[in-house]
Amino acid sequence: QSGYQDVERLLNTCGMAKALPSRREGFLPEQISLTLCKAHRALPVSQLETEEQVRQVMAGPVWHGMALDLMLGNLEQPLWGWSDPEALHLLEYWRDLDPTLCFILVYDNPHTAIARSESYDPFAESDENIDRHLNSWSAYNAAMLRFFHRNTGRCLLVHGRAVRASANHYLQEVRARIDAPWTPERDPNFVTDEPRSPTR
């Protein structure tokens, strides 16, 4: 619930292509994530309660073919990417797979993220449920922050609402980090009230 969909939409508007399916199986990155997480019994991020439950998937070489096939399917795209909250378990996997991959990690304040949750009902929430939401937010963001501090050269940590408030500044930050070939004639009018896509 960080607003990462808005960040992805902004990048897509300015020249980052959406990931094409892998060549052989036709898998999108999110499908590869789900497959790897399921095979390695990683807990869905919606069920996280402590940071210790975030286990980086150590996928053996037998699984690399799916990711390689995805890279080959996007070989002709100069700049492409995807968003995927479940990739929290796969950050080190993707980092080690390709040294050119960069990560944009999106967060928001806990009260904003919780209020944006589909399961949150301010008129029906008990203290226990609010604690559960807070624990889940804390676990996810602590694991993300840990990865950021260990990989600052390849990561950009951004506040979801700050990006919406200052899109051009954010785009300059991304360009400085990865030399992104943004489309100059598209000075985006950053729209935030579009329907949100399903969680990726």
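These figures come from a predicted structure and were not determined experimentally. For every chain, the first residue of the written sequence is number 1, and numbering continues from 1 onward in sequence order. Restriction of local features to residues with pLDDT of at least 70 applies here, the model being predicted, together with a cutoff of 80 or more for giving and counting side-chain atom pairs; totals for whole chains, interfaces and linings are based on all residues. The basis for every side-chain value is the complete set of non-hydrogen atoms in the structure, without hydrogens or water.

Caption draft 1: Here's a closer look at the overall build of the protein chain. Going along the chain from the N terminus, every DSSP run of H or I of four or more residues is numbered as a helix, and every run of E of two or more is numbered as a strand. In terms of regular secondary structure, the protein chain is built from eight helices and four strands. When the 200 residues of the protein chain are sorted by exposure, 44% land in the buried category. Note on contacts: a residue pair is in contact if any heavy atoms of the two residues lie within 4.5 Å. Taking contacts inside the protein chain between residues at least 6 apart in sequence as the whole, the part at least 24 apart equals 80%. For the accessible areas, the method is Shrake-Rupley and the probe is 1.4 Å, while residue cover comes only from the protein chains on display. With the model as given, the accessible surface of the protein chain reaches about 11500 Å², and the carbon-plus-sulfur share is 52%. For every residue, the accessible area obtained with a 1.4 Å probe (protein chains only) is divided by the maximum for its type, and the residue is called buried under 20%, exposed over 50%, and partly exposed between those limits.

Caption draft 2: Here's a closer look at the confidence of the model for the protein chain. The score called pLDDT rates the predictor's confidence residue by residue, from a low of 0 to a high of 100. Scored by pLDDT, the protein chain comes out at a mean of 83, with 82% of its residues at no less than 70. Mean pLDDT across the secondary structure elements of the protein chain bottoms out at helix α5 (residues 110-116), with 70, and peaks at strand β1 (residues 17-18), with 95. Every residue in residues 184-200 scores below 50 in pLDDT, and together they form 34 contacts with partners more than four places removed in sequence or on other chains.

Caption draft 3: The arrangement of the pattern of salt bridges in detail. Whenever a carboxyl oxygen of Asp or Glu lies within 4 Å of a side-chain nitrogen of Lys or Arg, that contact is scored as a salt bridge. Under the definition given, this model contains five salt bridges. Of the charged contacts, one joins Arg9 and Asp6 as a salt bridge, the two residues approaching to 2.4 Å between their closest N and O atoms. Remark: Asp6 and Arg9 occur in helix α1 (residues 4-13); sequence separation between them is three residues, near one turn of the helix. Taking the shortest distance from any N to any O, the salt bridge between Asp108 and Arg161 comes out at 3.3 Å. Taken as a pair, Asp108 in the loop between β3 (103-107) and α5 and Arg161 in helix α7 (residues 160-165) lie far apart in primary sequence, 53 residues in all. Asp108 gets classed as buried once you look at its relative accessible area, which sits at 1%.

Caption draft 4: Local environment of the packing of α1 against helix α8 (residues 167-178). In this analysis, axes come from line fits to C-alpha atoms, helices being fitted only over the stretch in contact, and the angle between any two N-to-C directions falls in the range 0 to 180 degrees. Close contact between α1 and α8 brings their axes to 11 Å; oriented N to C, the two are set at 75°. Here α1 lies roughly perpendicular to α8, going by the angle between them. Listed contacts from α8 to Val7, Leu10 and Leu11 of α1 are Ala167, Tyr170 and Leu171. Throughout this description, any angle smaller than 35 degrees is read as roughly parallel, any larger than 145 degrees as roughly antiparallel, any in the 65 to 115 degree range as roughly perpendicular, and the remainder as oblique.

Caption draft 5: Examining helix α3 (residues 64-73) more closely. For α3, the full list of buried residues reads Met66, Ala67, Asp69, Leu70 and Met71. For α3, the secondary structure elements touched by its buried residues are α2 (29-39), β2 (80-81) and α4 (91-97).

Caption draft 6: Fine view of a nonpolar patch on the surface. Like charges are joined within 9 Å and nonpolar side chains (Val, Leu, Ile, Met, Phe, Trp, Tyr) within 5 Å, but only among residues with over 30% relative accessible area and no salt bridge; these make up the patches. Together, Leu68, Leu72 and Leu75 make up an exposed nonpolar region whose accessible area comes to about 280 Å². Inspection of the secondary structure puts Leu68 in helix α3.

Caption draft 7: Seen up close, the pairing of strand β4 (residues 155-159). Counting buried residues along β4, four of its five residues qualify, which places the element largely inside the surrounding structure. At least two bridges found by DSSP between two strands is the condition for calling them paired. In this sheet, β4 lies alongside β3 in parallel orientation, the contact comprising five bridges. Bridged to Leu105 within β4 is Leu157.

Caption draft 8: Local environment of the nonpolar core. To form a nonpolar core, buried Ala, Val, Leu, Ile, Met, Phe, Trp, Tyr and Cys residues must be joined to one another through side-chain atoms within 4.5 Å. Counting 30 residues, the largest nonpolar core has Leu88 and Trp94 as the members making the most contacts within it. Per element, the largest residue contribution to this core is six residues, and it comes from helix α6 (residues 127-150). Sequence-distant contacts of Leu88, defined by excluding residues within four places in its chain, comprise Val45, Leu48, Val54, Gln56, Tyr140, Ala143 and Met144. Counting residues in each nonpolar core, the second largest holds 15 residues, with Met16, Val106, Val158 and Ala167 among its members.

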